[in-house]
Amino acid sequence: MNETDDLKLREFLKKGLRPANAELRRDLWPSMLGRMEKDELRVPWFDWVLLGAMAACLVFVPQMIPMLLYHL
Amino acid sequence: MELLERFAQGDRDAFEELFRQYQGEVFGWVMRIVRDRGIAEDLTVEAFWRMHRAHARFDPTRSFGAWARRIATNLALDQLRKMRREVPLVVDTADVARANPAIQRETREQIAAAFQGLAPKLRVVATLSLIEDVPHREIAEALGISEVAVRVRLSRAMKILREQLKEQVPGNERN
């Protein structure tokens, strides 16, 4: 393929698809604050893992319950 | 203390100032890639959220704009992977309305479908270079690849597009 073919293709594509209207029409800061608050409220995954591990220990090793109560 | 240094230290006011300063630029860049206003807004917020979380890794001697664009580009690429074969490229009604009336709707749809069929890493380069006229250097910086790699990807994308649209491109009928 030569440069002329490339130019023809470029022109054809540009006629069919115009550049996107990339102007921002609203302030996104309120959405940003919402995103930040959402994440602050979320419990981190390792807390869930810790909770799960503790529950498993209590189920499978019930002897741990007095020890746990003592430390609480 | 400079704004970028305050941001790197986790100052929320500095983050807000940078957000207000760069939100339009980041949105515009993402919009050029995904071509959907709603998705571009969501990705802009998500990109800034990642920057906020990664503030400690930001080097205040470097350009915030380039860093922001790189993060936003990675998110937009992930989005293109999700959107592939799900959402047509031209979904913005304003985009359709602004399209060249001399080009048949069917042809526009074929062009959109041809772009949609490209692998995301080719599509992003093809869209930015062929439709948005973004210089190769800027595309390379945003994708974290060399300009040569941009030219290679563009060449591959054009080859696929030419093949897909060989019946429609004027002068290609002989092929």
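The helix and strand tally for chain A stands at four helices and zero strands. Mapped in sequence order, the helices and strands of chain A form the string α-α-α-α. What you see for chain A is a C-alpha radius of gyration of 29 Å, clearly larger than the 11 Å of a compact globule of 72 residues, by over 25%. Taken along its principal axes, the extent of the C-alpha atoms in chain A is 80 × 40 × 15 Å. Within chain A, buried positions represent 11% of all 72 residues.

We now examine the interface of chain B and chain A. Taken residue by residue, the interface counts 37 residues in chain B and 22 residues in chain A. Listing elements by their share of the side of chain B that touches chain A, those giving two or more residues are helix H2 (12-34), helix H3 (37-53), helix H5 (93-98), helix H6 (105-116), helix H7 (120-131) and helix H9 (147-164) of chain B. Taken together, the residues that form the side of chain B that touches chain A break down as 18 nonpolar, eight polar and 11 charged.

Our next topic: the confidence of the model for chain A. Of the residues in chain A, 99% have a pLDDT of 70 or more, and the chain-wide mean is 85. The least confident element of chain A, judged by mean pLDDT, is helix H4 (residues 64-71) of chain A at 82; the most confident is helix H2 (residues 29-41) of chain A at 88.

Residues and elements named next belong to chain B. Val 30, Val 34, Leu 43 and Ala 72 are the most contacted members of the largest nonpolar core, which totals 52 residues. Here this core takes 10 residues from H2, the largest share from any one element. Both domain 1 (1-83) and domain 2 (102-175) contribute no fewer than three residues apiece to this core.

Inspection of the secondary structure puts Gly28(B) in helix H2. It is 8.1 Å that separates the C-alpha atoms of Gly28(B) and Ala40(B), two residues lying 12 residues apart in sequence. When sequence neighbours within four positions are dropped, the list of residues in contact with Gly28(B) reads Ala22(A) and Leu24(A).

Taking 1.5 Å of rise per residue, the 13 residues of H2(A) would be expected to cover 18 Å, and the 19 Å separating its terminal C-alpha atoms lies within 8% of that figure. With one of its 13 residues buried, H2(A) lies for the most part at the surface.

Before going further, it helps to spend a moment on the packing of H7(B) against H9(B). Residues and elements named next belong to chain B. Contact pair H7 / H9: the axes reach a minimum separation of 9 Å and the direction vectors enclose 90 degrees. Between H7 and H9, the angle is such that the two are roughly perpendicular. Residues Lys 121, Leu 122, Val 125, Ala 126 and Ser 129 of H7 form the contact with H9, whose own contacting residues are Val 150, Arg 153, Leu 154, Arg 156, Ala 157 and Leu 161. Residues that form the contact of H7 with H9 fall into these classes: seven nonpolar, one polar and three charged.

A word on the domain arrangement of chain B. Residue and element names in this part refer to chain B. For chain B, the assigned domains read domain 1 (1-83) and domain 2 (102-175). For domain 1 and domain 2, the distance between their C-alpha centroids amounts to 26 Å. Taken together, the contact pairs nine residues of domain 1 with 11 residues of domain 2. Elements represented by at least two residues in the side of domain 1 that touches domain 2 include exactly H2 and helix H4 (64-83). The element best represented in the side of domain 1 that touches domain 2 is H4, accounting for seven residues. Along the lines of polarity and charge, the residues of the side of domain 1 that touches domain 2 split into four nonpolar, one polar and four charged.

What you tend to see is this: most non-glycine residues have negative phi, and most peptide bonds are trans. Residues and elements named next belong to chain B. The backbone of Arg 35 shows a phi angle near 55 degrees, a positive value even though the residue is not glycine. Although it is not a glycine, Asp 133 adopts a positive phi angle of roughly 60 degrees. A tally of 11 C-beta atoms within 10 Å means that Asp 133 is categorised as exposed.

The rules behind each value
- Residues numbered from 1 in each chain as written.
- Chains lettered and ligands numbered in written order.
- Predicted model: local features only at pLDDT ≥ 70, side-chain atom pairs only at ≥ 80, totals over all residues.
- Helix = DSSP H or I, 4+ residues; strand = E, 2+ residues; numbered from the N terminus.
- Rg over C-alpha atoms; globule rule 2.2 N^0.38 Å.
- Buried ≥ 20, exposed ≤ 12 C-beta atoms within 10 Å, placed from the backbone.
- Contact = placed C-beta atoms within 7 Å.
- Nonpolar A, V, L, I, M, F, W, Y, C, P; charged D, E, K, R; others polar.
- pLDDT = per-residue confidence, 0-100.
- Core = buried A, V, L, I, M, F, W, Y, C linked by C-beta atoms within 7 Å.
- Domains from an automatic or database assignment.
- Expected span 1.5 Å × (residues − 1).
- Axes fitted to C-alpha atoms, helices over the stretch in contact; angles between N-to-C directions.
- Parallel < 35°, antiparallel > 145°, perpendicular 65-115°, else oblique.

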